[in-house]
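Close look at the chain arrangement
The residues making up each chain are set out below.
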Amino acid sequence: MDTREEAVSNRLQAPLPKDDRQAVIVRYRSGVRAARAVESLGVTVNTRHTLVPAVSARLTPEEIARVAANPDVERIEPDLEVRALGMPMSVGSVDEYTDALRLVQAPHVWDANQDGVLDRGAPVGAGIRVCVIDSGLDRRHPELGIPYVGGYDFVDGDTDPSDESRGVRGLGHGTHVAGIVAAQLASGGEIWDGLSRGGMVGVAPGVDLLIARVLNVEERASVSGVLSALEWCQRQKAHIATLSLGSPVDMGRTAREAFQAARDAGMLIVAAAGNDSDLARQAPLSYPAAYPSVLAVGAVDAHGQVASFSNGGEGLSLVAPGVDILSSISVSGNTVSRLDAGVLSYDSRSLFFSPPGDYTGTLVDCGQGEALGCQGGTCAGFVAYVRLEHGADPSRIARNVMSQGARAIIFGTSDSESQSWQMSLEGPSATWVPALSVGRESRGAVLQHLGKPIHVNLRGVDYARFMGTSMAAPHVTAVAALLWGAHPELTASEVREVMERTALDLGTPGRDNQYGHGLVQARTALDALDGLAPLP
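Quick look at the structure, then. No experiment lies behind these values; they were computed from the predicted model shown.

Counting its secondary structure elements, the protein contains 13 helices and 25 strands. Since a compact globule built from 536 residues should have a radius of gyration of about 24 Å, the 25 Å found for the protein is in line with a globular shape. With the principal axes as the frame, the protein shows a C-alpha extent of 75 × 65 × 45 Å. Counting the 536 residues in the protein, one finds 57% classified as buried. Accessible area for the protein stands at about 21600 Å²; split by element, carbon and sulfur atoms hold 50% of it.

As structure tokens, this is what we get:
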């Protein structure tokens, strides 16, 4: 199939105007020409699936009834929404080895003497193709140019899997996942003070990265889009597919069968367990992680304690680091802040999604950010100071003060500046102005400058710390790539089995619903495969 035919057959349609049509997946009986019943209605088929005999389309209730009456049709299911849950010798630095990287023992596999240089001949995942089904990739990031070998955009229907549509950039979720897997030594992008000049390094820096973009800039996807991506990964001969996305409800029998078919064909499929738990209850696994054919991954913190948000249950296989995980993000997709007044500087934190920018203006008290609350503000511009109460919406407040002329915003909070929590605007937008927050240690001093000039500077950086089982899943994916690259004779089942049998047992002795088999351990698993240690 040439590129044009592939683009037509795999294109995931852009959202359509609301009408009475419903997105559905039509499953056919084996051996029947797949699109016959739908095409006979004169309806456009969005996608023809290959792992199972099925098509996706948008049908009216009347059309659904007519298709369902066709004896060749086995079932019709809703097309549900899914969301975001060659190696050169590089001389880097052990400062690029994150706590999460060390927790899964990756440096002990490819840098035994801990000198910041990949050991010659050590397993780095070479020869293993990892397909990241997510929000795409910012290919401009210096950490990810080498491992990238191809991609497809199932949102926009083209071969550029960038996390961007119609000029709107996404969060960079897929770039973060890809960096956990395959970021390169000594290839750092723009960093903040205190971060290694080389940035960070992935668990398996020698893999080939395939990128299948299914999540749009709002981090949503359809089941049919995910299935199309899974099929594409298989056609690209991916060894492993990793999905840091999911749905709280079953994606349907067709999806279950498609994942099983991909697994039966020899692919290892890894997915995030989900982030719906809290201290009061453990939520069940999200889908597709809950499917038996998929390796479900939960999250732990830097101390090996299960994260309060991590879903679990009988199907949980492994856990991996998923709290405050440093990785690559869209270029300048994050910012670091500087707040100055004359010769004085104050501790501050930028808001996520706040754009880079530099502005000096008069500091104006805008109260709690209510409409017309910026007394003394002018259309010529000013810096708004807002007292942010717990539970208030920073995005709504930002719009209020921007409508009054604010060209930068300082949010004063009651939280300590030592806390790691980062506030966020609701999403990327060209209309936001630079915005930062100050904690209780600095807000009183900042308020002394009301009516005086103050300088707000936000500088773009190429890294961020995210948390979630979305970050845990690629750690397991990359460990699997290390093992498979070292022992290409293994099957997907054998790779999974050795990771589970050599995992560090946490929580209740033996397998449990919070930790699964335990924390994935790269060096321990490799030693077992090499006969240096017995399998448990």
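Okay, back to it.
What follows covers the sheet that holds strand S1 (residues 22-28). Ordered by their spatial adjacency, four strands build an open sheet running S2-S3-S1-S4, and the pairing between neighbours is antiparallel. What marks the edges here is a single partner per strand, and that holds for strand S2 (45-49) and strand S4 (73-78). Pairwise comparison of adjacent strand axes, ignoring direction, gives a mean angle of 25 degrees for this sheet. Against the sheet, helix H3 (residues 61-68) touches S1, strand S3 (54-59) and S4, its axis set at about 150 degrees to S3.

Over the atoms, a rolling probe the size of a water molecule traces out where space has been left empty. The calculated volume of the second largest cavity comes to roughly 50 Å³. For the second largest cavity, the full set of lining residues is Thr98, Ala100, Leu101, Ile180, Met200, Val201, Gly202, Val203, Ile325, Leu326 and His475. Among the secondary structure elements, those contributing two or more residues to the lining of the second largest cavity are helix H4 (99-103) and strand S16 (325-328). Along the lines of polarity and charge, the residues of the lining of the second largest cavity split into eight nonpolar, three polar and no charged.

The final tally for this structure, using the stated rule, is six aromatic pairs. Relative to Phe466, the ring of Phe352 has its centre 5.7 Å away and its plane inclined at 70 degrees; by these criteria the two rings are edge-to-face. A residue pair is termed long-range when its members are at least 10 positions apart, and Phe352 in the loop between strand S19 (349-350) and strand S20 (357-365) and Phe466 in strand S25 (residues 463-466) qualify at 114 residues. Through pairs of rings, three or more aromatic residues link up here, namely Phe259, Tyr287 and Tyr291.

On to the pattern of salt bridges. Throughout the structure, instances matching the rule amount to 20 salt bridges. The salt bridge involving Asp138 is made with Arg169; its shortest N-O contact spans 3.6 Å. One end of the pair, Asp138, is in the loop between strand S6 (129-134) and strand S7 (148-153); the other, Arg169, is in strand S9 (residues 168-169), and 31 residues separate them in sequence. The structure contains a network of salt bridges with shared partners spanning Arg27, Glu74, Arg75, Glu77, Arg253 and Glu257.

Moving on: the packing of helix H6 (residues 173-182) against helix H11 (residues 469-486). Where H6 meets H11, the axes come as close as 8 Å, and the angle between the chain directions of the two elements is 35 degrees. In this structure, H6 crosses over H11, and the sense of that crossing is right-handed. Residues His173, His176, Val177, Ile180 and Val181 of H6 form the contact with H11, whose participating residues are Ser470, Met471, Pro474, His475 and Ala478.

Within strand S15 (residues 316-321), six of the six residues are buried, leaving the element largely enclosed by the surrounding structure. Here strand S14 (residues 295-300) pairs with S15 via five bridges, running parallel. From the neighbouring strand, Ala299 faces S15, where its bridge partner is Ala320.

Tracing the chain through its elements places Trp192 in the loop between H6 and strand S10 (208-213). Distance from Trp192 to Glu164, taken between C-alpha atoms, is 24 Å for residues 28 residues apart in sequence. Apart from residues no more than four positions distant in its own chain, Trp192 is found in contact with Leu326, Asn334, Val336, Arg459, Val461, Tyr463, Ala464 and Arg465.

In this section: the state of the cysteines. On inspection of all chains with the given rule, the structure shows two disulfides. For Cys131, the disulfide goes to Cys233, at an S-S distance of 2.1 Å. Here the disulfide of Cys131 and Cys233 is left-handed, its torsion about the S-S bond being about -65 degrees. With Cys131 in strand S6 and Cys233 in helix H7 (residues 223-235), this residue pair connects regions lying 102 residues apart in the sequence. On the accessibility criterion, Cys131 (0% relative accessible area) is buried. Cys366 shares a disulfide with Cys374; S-S distance 2.1 Å. Taking the sign of the S-S torsion, 115 degrees for the link of Cys366 and Cys374, the bridge is right-handed. For Cys366, a relative accessible area of 0% translates into the label buried. Of all cysteine sulfurs, the one in Cys374 lies closest to Cys379, which takes part in no disulfide; the gap is 11 Å.

Take H11 next. If you check H11, its first and last C-alpha atoms are 26 Å apart, about what 18 residues at 1.5 Å a residue would give, namely 26 Å. Counted residue by residue, H11 has 16 buried out of 18 residues, so it is predominantly covered.

With that out of the way, let us pick up the sheet that holds S14. Ordered in space as S7-S10-S6-S12-S13-S14-S15, the seven strands form an open sheet in which the pairing is parallel. Each edge of the open sheet carries a strand with a single partner, namely S7 and S15. Taken pair by pair, the neighbouring strands of this sheet meet at an average axis angle of 25 degrees, ignoring direction. Where strand S13 (residues 268-272) meets S14, three bridges bridge the pair, whose relative direction is parallel. For Ala272, the partnering residue across the bridge sits in S14 and is Val297. Its contacts with the sheet place H6 against S6 and S10, and it is angled at close to 155 degrees to S6.

About the cut-offs
- Residues numbered from 1 in each chain as written.
- Predicted model: local features only at pLDDT ≥ 70, side-chain atom pairs only at ≥ 80, totals over all residues.
- Heavy atoms only, no water.
- Helix = DSSP H or I, 4+ residues; strand = E, 2+ residues; numbered from the N terminus.
- Rg over C-alpha atoms; globule rule 2.2 N^0.38 Å.
- Buried < 20%, exposed > 50% of the residue type's maximum accessible area, 1.4 Å probe, protein only.
- Areas by Shrake-Rupley, 256 points an atom, 1.4 Å probe, with all protein chains shown as cover.
- Pairing = 2+ DSSP bridges.
- Axes fitted to C-alpha atoms, helices over the stretch in contact; angles between N-to-C directions.
- Contact = heavy atoms within 4.5 Å.
- 1 Å grid on protein atoms, 1.4 Å probe; cavity = no way out; pocket = protein on both sides within 12 Å on 5 of 7 lines; lining within 4 Å.
- Points joined across faces, edges and corners; volume = space filled by probe spheres on them.
- Nonpolar A, V, L, I, M, F, W, Y, C, P; charged D, E, K, R; others polar.
- Phe/Tyr/Trp six-rings, centres within 6.5 Å; stacked < 30°, edge-to-face > 60°.
- Salt bridge = Lys/Arg side-chain N within 4 Å of Asp/Glu carboxyl O.
- Left-handed = near helix turned anticlockwise from the far one by under 90°.
- Disulfide = S-S within 2.5 Å.
- Expected span 1.5 Å × (residues − 1).

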